[in-house]
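The lines below spell out each chain.
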Amino acid sequence: MGSVMSSFALCYGKNKKKEEERHLRANDRELNLSYKYGTNAIKTSKYNLITFLPLNFFEQFQRIANAYFLFLLILQLIPAISSLSWFTTVVPLVLVLSITAAKDASDDINRHKSDKQVNNRLVDVLINGELRSEKWMNVQVGDIIKLENNQFVTADLLLLSSSEPLNLVYIETAELDGETNLKVKQSLTVTGEMGDSIAKLAAFNGEVRCEPPNNRLDKFTGTMTFQGQKYSLDNEKILLRGCRLRNTDWCFGLVIFGGHETKLMQNCGKTTFKRTSIDHLMNVLVLCIFGFLAFMCTILAIGNGIWEHKEGTVFTAFLPRDEGVNASFSAFLTFWSYVIILNTVVPISLYVSVEIIRLGNSFYIDWDRKMYYPRSDTPAEARTTTLNEELGQIKYIFSDKTGTLTQNIMTFNKCSINGKSYGDVLDFAGQRVEITEKTEKVDFSYNPLADPKFYFHDHSLVEAVKLEDPEVHQFFRLLGLCHTVMAEEKKAGDLLYQAQSPDEGALVTAARNFGFVFRSRTPETVNIVEMGVQKSYELEAILDFNNVRKRMSVIVRSPEGKLSLYCKGADTIVYERLHPSCSKLMDITTEHLNEFAGEGLRTLVLAHKELDEAYFQSWKARHHEASTALEEREEKLDELYEEIEKDLLLLGATAIEDKLQDGVPQAIEELSKADIKIWVLTGDKQETAENIGYSCNLLREEMDEVFIVAANSSEEVKQELQNARKKMKPDSEDEPIIIESGILGKKSKMVADETVDGEYGLVINGHSLAFALEKGLELGFLRTANMCKTVICCRVTPLQKAQVVQLVKKYKNAVTLAIGDGANDVSMIKAAHIGVGISGQEGMQAVLSSDFSFAQFRYLQRLLLVHGRWSYLRMCKFLRYFFYKNFTFTLVHFWYAFFCGFSAQTVYDEWFITLYNLVYTALPVLGMSLFEQDVNDRWSFQYPQLYAPGQLNLYFNKAAFIMCVMHSCYSSLVLFFVPYAAMYDTVRDDGREIADYQSFALLAQTCLLITVSIQLGLDTAYWTAVNQFFLWGSLAVYFAITFTMYSNGMYLIFTASFPFIGTARNSLNQPNVWLTIILTSILCVLPVVAFRFLLIQLYPTINDRVRFKVREAKAAPPPLPKRARLRRTSSRRSGYAFSHTQGYGDLVTSRRFLRRPAIGHAGGFSPSGRQQSSARQESLPQTYRAVGEASRRV
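Here the structure is a predicted model, which means the values were calculated and not measured.

Caption draft 1: Region of interest: the overall build of the chain. Helix and strand counts for the chain stand at 41 helices and 38 strands. Expressed as a percentage of the 1194 residues in the chain, the buried residues total 57%. Of the contacts made within the chain by residues no fewer than 6 positions apart, 76% connect residues no fewer than 24 positions apart. Surface accessibility of the chain: about 50,800 Å² in total, with carbon and sulfur atoms responsible for 57%.

Caption draft 2: A look at unusual backbone geometry. In the Ramachandran plot, Asp647 falls in the positive-phi region, its phi being about 55 degrees despite a non-glycine side chain. Among the structural elements, Asp647 can be located in the loop between α19 (633–644) and β28 (649–660). Residue classification places Asp647 among the partly exposed residues on the basis of a relative accessible area of 41%. Of note, the phi angle at Arg795 is positive, near 60 degrees, even though the residue is not glycine.

Caption draft 3: Seen up close, the UniProt feature "active site" (unreviewed entry) in the chain. The positions UniProt marks with the feature "active site" (unreviewed entry) are Asp400. For Asp400, the location among the structural elements is in the loop between β15 (394–399) and β16 (406–417). Reaching out from Asp400, the side chain makes a polar contact with the side chain of Lys801 at a distance of 3.4 Å.

Caption draft 4: Main features of the side chain of Lys885. Within the secondary structure, Lys885 sits in helix α28 (residues 859–897). Separated by 2.9 Å, the side chains of Lys885 and Thr921 make a polar contact.

Caption draft 5: Highlighting the sheet that holds strand β9 (residues 222–226). Spatially, the four strands line up as an open sheet ordered β1-β8-β9-β10, and their pairing is antiparallel. With one partner strand each, in any of the chains shown, β1 (22–25) and β10 (229–233) form the two edges of the open sheet. Put simply, the sheet's adjacent strands are angled 20 degrees from each other on average, direction ignored.

Caption draft 6: Seen up close, the confidence of the model for the chain. The share of residues in the chain with pLDDT of 70 or more is 86%, and the mean pLDDT across the chain is 83. Mean pLDDT values over the elements of the chain span from 36, in strand β38 (residues 1185–1186), up to 95, in strand β13 (residues 250–257). In the predicted structure, residues 1–15 sits below a pLDDT of 50 and forms 52 contacts with residues beyond four places in sequence or in another chain. Scored below 50 in pLDDT, residues 1152–1194 shows 153 contacts in the model against residues more than four places distant or in partner chains.

Caption draft 7: How the structure looks around the nonpolar core. Counting 98 residues, the largest nonpolar core has Tyr338, Leu350, Phe878, Leu879, Phe883 and Tyr908 as its most contacted members. Per element, the largest residue contribution to this core is 18 residues, and it comes from α28. Of the residues that make up this core, three or more belong to each of domain 1 (43–122) and domain 3 (347–359 + 867–1108). Those residues in contact with Leu350, other than ones at most four positions away along the chain, are Met282, Phe878, Leu879, Phe882 and Phe883.

Caption draft 8: Up close: the environment of Phe220. Positionally, Phe220 belongs in the loop between β8 (207–210) and β9. Classification of Phe220 as buried rests on a relative accessible area of 3%. Residues Phe220 and Leu233, 13 residues apart in the sequence, show an inter-C-alpha distance of 7.4 Å. Leave out the neighbours within four places in its chain, and Phe220 touches Cys210, Glu211, Leu233, Asp234, Asn235, Ile238, Ile256, Phe257 and Lys263.

Caption draft 9: Structural view of the packing of helix α33 (residues 958–983) against helix α34 (residues 997–1019). Where α33 meets α34, the closest approach of the two axes is 10 Å, and the angle between their N-to-C directions is 140 degrees. In this structure, α33 crosses over α34, and the sense of that crossing is right-handed. On α34, the residues touching His967, Leu975, Phe976, Pro979, Tyr980 and Met983 of α33 are Ser999, Phe1000, Leu1003, Cys1007, Leu1008, Thr1011 and Gln1015. Class assignment for the residues of the contact of α33 with α34 results in nine nonpolar, four polar and no charged.

Caption draft 10: Summary view of the packing of aromatic side chains. Taken as a whole and judged by the stated rule, the model has 58 aromatic pairs. Within the aromatic cluster, the residues linked to one another by ring pairs are Phe889, Tyr908, Phe912, Tyr916, Tyr920, Tyr1038, Phe1039 and Trp1074. Stacked on the ring of Tyr455, the Lys or Arg Lys441 has its end atom at 5.2 Å from the ring centre. One cation-aromatic arrangement involves Lys466 over Tyr446; the distance from NZ or CZ to the ring centre is 4.6 Å.

Caption draft 11: Geometry of the side chain of Thr406. Positionally, Thr406 belongs in strand β16. Not counting chain neighbours up to four residues away, the residues in contact with Thr406 comprise Lys401, Asp658, Lys659, Leu660, Gln661 and Ile692.

Caption draft 12: Region of the structure containing the UniProt feature "coiled-coil region" (unreviewed entry) in the chain. As recorded in UniProt, the feature "coiled-coil region" (unreviewed entry) lies at residues 623–650. Structurally, residues 623–650 is divided into 61% helix and 7% strand, and its ends, taken at the C-alpha atoms, are 25 Å apart.

Caption draft 13: Structural context of the pattern of salt bridges. Applying the stated criterion across every chain yields a total of 44 salt bridges. A salt bridge links Arg557 to Glu538; the nearest nitrogen and oxygen atoms lie 3.9 Å apart. Within this pair, whereas Arg557 is found in strand β25 (residues 551–557), its partner Glu538 is found in strand β24 (residues 533–543), the two being separated by 19 residues in sequence. Residue Glu538 is classed as partly exposed on the basis of its relative accessible area, which comes to 41%. It is possible to trace a salt-bridge network through shared partners that takes in Glu538, Glu540, Arg557, Glu613 and Lys620.

Caption draft 14: Representation of the sheet that holds strand β5 (residues 156–162). Taken in spatial order, the six strands make up an open sheet running β3-β2-β4-β13-β5-β11, and their pairing is antiparallel. Unpaired on one side and paired on the other, β3 (130–135) and β11 (238–239) mark the two borders of the sheet. Pairing geometry for β5 and β13, over six bridges, is antiparallel. Its bridge partner lying in β13, Ser162 is registered against Cys251.

Caption draft 15: A look at the pairing of strand β27 (residues 602–610). Burial runs high along β27: eight of the nine residues are buried. With six bridges joining them, strand β26 (residues 563–569) and β27 adopt antiparallel strand pairing. If you follow Lys568 over to β27, its bridge partner there is Leu606. Relative to β28, β27 is paired through seven bridges, and the arrangement is antiparallel. Across the sheet, residue Val605 finds its bridge partner in β28, namely Ala653.

Caption draft 16: How the structure looks around a nonpolar patch on the surface. A cluster of nonpolar side chains, Ile962, Met963, Met966, Phe1091, Phe1093, Leu1094, Leu1095, Leu1098 and Tyr1099, forms an exposed patch at the surface whose accessible area comes to about 990 Å². Among the elements of the structure, α33 and α38 (1071–1098) are those that each provide at least two residues to the nonpolar patch. It is α38 that provides the largest number of residues to the nonpolar patch, a total of five residues.

Caption draft 17: Expanded view of the packing of helix α18 (residues 613–627) against α19. In contact at an axis separation of 9 Å, α18 and α19 are set at 165 degrees when each is read in the N-to-C sense. For the element pair α18 / α19, the angle class is roughly antiparallel. The interaxial crossing formed by α18 with α19 has left-handed handedness. In this structure, α18 contributes Tyr615, Phe616, Trp619, Arg622, His623, Ala626 and Ser627 to the contact, and α19 contributes Arg633, Lys636, Leu637, Leu640, Tyr641, Glu643 and Ile644. Residue composition of the contact of α18 with α19, grouped by class: eight nonpolar, two polar and four charged.

Criteria and thresholds
Along each chain, the written sequence defines residue order, and numbers are assigned to residues from 1. In view of the model being predicted, local features appear only for residues whose pLDDT reaches at least 70, and side-chain atom pairs are presented and counted only at 80 or more, with totals across whole chains, interfaces and linings using the full set of residues. Side-chain measures were taken over the full set of non-hydrogen atoms in the model, leaving aside hydrogen atoms and water. Helix and strand assignments come from DSSP, with helices taken as H or I runs of at least 4 residues and strands as E runs of at least 2, each series counted from the N terminus. A 1.4 Å probe rolled over the protein chains alone gives each residue an accessible area, and that area as a share of the maximum for its type sets the label: buried under 20%, exposed over 50%, partly exposed in between. Residues count as neighbours in contact if any of their non-hydrogen atoms are within 4.5 Å of one another. Using a 1.4 Å probe, accessible areas were evaluated by the Shrake-Rupley method; residue-level cover was limited to the displayed protein chains. UniProt positions are given in the numbering used here, feature names are shortened, and annotations may be inferred rather than shown by experiment. We define a polar contact as two N or O atoms separated by no more than 3.5 Å, with the added condition that, inside protein, one atom must be a possible hydrogen donor and the other a possible acceptor, whereas residues neighbouring each other in sequence contribute only through side-chain atom pairs. A pair of strands is treated as paired once DSSP finds two or more bridges between them. Each axis is a line fitted through C-alpha atoms, taken for helices only over the stretch in contact, and angles between the N-to-C directions span 0 to 180 degrees. By definition, pLDDT measures how confident the predictor is in each residue, and it falls between 0 and 100. What makes a nonpolar core is a set of buried Ala, Val, Leu, Ile, Met, Phe, Trp, Tyr and Cys residues whose side-chain atoms join them at distances within 4.5 Å. Where each domain begins and ends follows an automated or database-derived domain assignment. When the near helix sits turned anticlockwise from the far one by under a right angle, the crossing is termed left-handed; a clockwise turn instead gives a right-handed crossing. Lys, Arg, Asp and Glu make up the charged group, whereas Ala, Val, Leu, Ile, Met, Phe, Trp, Tyr, Cys and Pro make up the nonpolar group; the residues left over, Gly among them, are polar. For Phe, Tyr and Trp, where Trp contributes only its six-membered ring, two rings pair if their centres lie within 6.5 Å, and the inter-plane angle classes them as stacked under 30 degrees, edge-to-face over 60, or tilted in between. Consider the ring centre and the ring normal. A charge sits over the ring if Lys NZ or Arg CZ is within 6 Å of that centre and within 35 degrees of that normal. For this document, the term salt bridge refers to a Lys or Arg side-chain nitrogen within 4 Å of an Asp or Glu carboxyl oxygen. Like charges within 9 Å and nonpolar side chains (Val, Leu, Ile, Met, Phe, Trp, Tyr) within 5 Å are joined into patches, using only residues over 30% in relative accessible area that form no salt bridge. Here roughly perpendicular refers to angles of 65 to 115 degrees, roughly parallel to angles under 35, roughly antiparallel to angles over 145, and oblique to all remaining angles.

Structure, rendered in structure tokens:
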């Protein structure tokens, strides 16, 4: 599946005049080409063979560091100022450029392959009166194409005709919104009449005028003119690219938008190069370091000028000056010489090491078995290797709902029938027990028509059905009759339900398994099998659902001639219409409803009544009169519905679970403990979003208040937001507190956090959000939202999702993460600092645009609290140590300059300078940066508060950098002056002098290497065999290389390159040299040890406290006990009826079949179980196909 949609990984566009209206004519390529509309080809690659090297190097040298090292290389090629060989810079620079270029080339080759694979897919196109197989990239706007079952939609099409009755097609939109239930589309009747007649389709010359390309997945406006008539076009007649044709043999469509102009590609959003906050800080610090370097070089150049003026003339007899060189010019040359020598304050190996660390931490994510989802064989994947440490700094999570928090699967969980609650499992003592995968399931084998994927655990309900309890039978009879589901039965007993919403499908499936099987319908009848007996009910009327009624009723006549009305709807609505005799039953049912709602289940109340024949005939006549009225038709029908839907008898209630992904509530709870704010941005209705909010612990009954913002004007929204702020914080200011901050002239305004007493939630709909995101209101909305523990934005468009993320990014100094699974989440994923895609589903669009991907939301907890926190900790420790060791290394040169006449002589051997960062100190710091962890993953889960330092950026910031510089200054002073004083006028134990330059250089570099190695040991909290090997191995390699390079043999072979002949063996065999090394190392690390000791004693951090507990435990903590699911009650209704969409009652009764007639029905029930064995797919929950869009997701 990934390969199918991989071409959508990046968005592609061209600079051209903005299109205001699209005009095209079917089967007229000449006219359509004149408008220069985009082709259907996709191009996502960046380079070709000719442009790769120049473009790639141009991009790479835009990085300040790369340009700086190129500049250094040029300086080193000038003999007058170069005191170091050119190879010390060119080797690491070429290595970095080559590695980056290879990585970019590999990525672009994959993009080329992806483009080629998708562009070369074949589709049937109607050209010159015949169907031809053409590549996708050759399809043009205005072409008519033929799609067949299970094919992907090639471009955005206007549906012309299909193989299905009523010209319907069924499509799966998983690539767009992550939903796997089917949606229905219907063509215009005038085009549907063409069917699959090639002659008629070839003669079709309809002209379409419509909106220009845009990213609104849920909206389309246009008109079609054909044979002098104008027809209105809307979204129900459009098939979008990325959808897949299902349960439809064939269809024909007219191409409206192609390629990058399709709505799917328009939703890709702008692809931006994401950089971490540490990257931004590093850029600032590197500029500051350059300034510091220039400052040091200036001081040394001035010193050289003064020294040359006062003392230089004394040495001209030995070192004659070149012609024209005076003290001032010498100072100028010295400035550039010291730029070369002191460049190690920012060595290029820093950037190499950073990339290696990020790559290593990315592999940890890819290899983590605890983030692998076996059901879909989907591992976690770090799709971007440059953002790992930012995972440890997340403050805001923006999440989609359907397919991200939920599985988009509804299950019949519990019910209340005639005052008795069913669905719980009780032990022998009558106590409720938690239902797990091991809990015994009800055996439905007695019912040959049962859905093998339906599970239920309460055996008492099956017993009640078998005992023919009249109320129970009436309850399931209602579920089998009161709906607008369509049944498809391609072979006997194999039923497939097409439901307009997932809820309806779950209820009808439940009735099916308990013995009331809906088999088929006609406009006049509903056919069901009741306990093995085929019955046909006459469908007299459907009183359909709408958002005002919040209920649905059907009036049916039984085979015995009895008239009945069956009603289901929201409890508040149905209760008002009950007969007074139901008051006692209503109280008991209300208790059950409170329990169901407390568990986050979607509730629905069922009622019925018997109708008098004479009254019904009178009502039916008035109903027909009202339904044909030209004026006030809706009002008249509502009055008639109100009249007949009264004095109902209560049957009970259903409880449906909008099934969350495993572990979602627990993950959200732990992330909240880590002080991460979670905002849900969904296209679902308000009630549905609220329900999920309660189910997954985002909203809780214990909250002080949940504010609902559903205003219809800018002023009303402003007032509601202001009222909410006043309730949360009565003394809050009317205007937000703005903090201005800026670096290097870039000013930014940040909204300060405001603390409130208590916990609050905010729910805002898309209409109100549009006003809230306006310029004058956005800060007020952000203030209110930040005061709340949870924010849920419902009915939002993809653009609004991105706008909310950008608002937080703009005005909050915080790192954001967006997680989703559909194309409607792509713009949000790209807008956030970190984008996470939910993979393993059929929709892969979000994954292709994401930085990280995995199969289940619960893995986000491990990604952030373990991998993210460790990555941030490792990167910060690496940077602190790296800057320390390099500043210390470089500043020794600075102090030495005052003793060598500012001559730009290096204090160390040239080979030591070359190998210091590449060999001697490279592996130990990489070992720490790849394996370091303060506590293991289980302690990280147990104490989510450990995540807080990353959010506050405590481990590496400007203050930490200044501390590093001060530490380096102190260490460099000790490392220079202690060996200098120890060597001054010193002799060997045989009386010979040891105070020469080469011996001092060797002593200084040995002290430096041992000191930084000890410092690394102090910084390392988690030792492994690899760390030990790297540390001791690097010291051993240093001494081995030193003795080799300072040997007689190397001097004899390469005299000019190895001048330090015999220095190592003559110096390192002296006790006073080793005493100096030990003394210097102790003086360097002693203040650090003392400072850290006092800091832990006086100001312990959360990390210090947890590590102390770990040491006390002396073992990993025991596994956390499984928490029993607490039963709670709630007066809040998570009602299905509130979130249900407008019904298809009119379509059902339109006297035209929606599906082909069902085939002949096979037998009923078998008393001894199934006669035909069918494997029970225990690993899969019950699912069903849906006709209508259950909820408008955008």
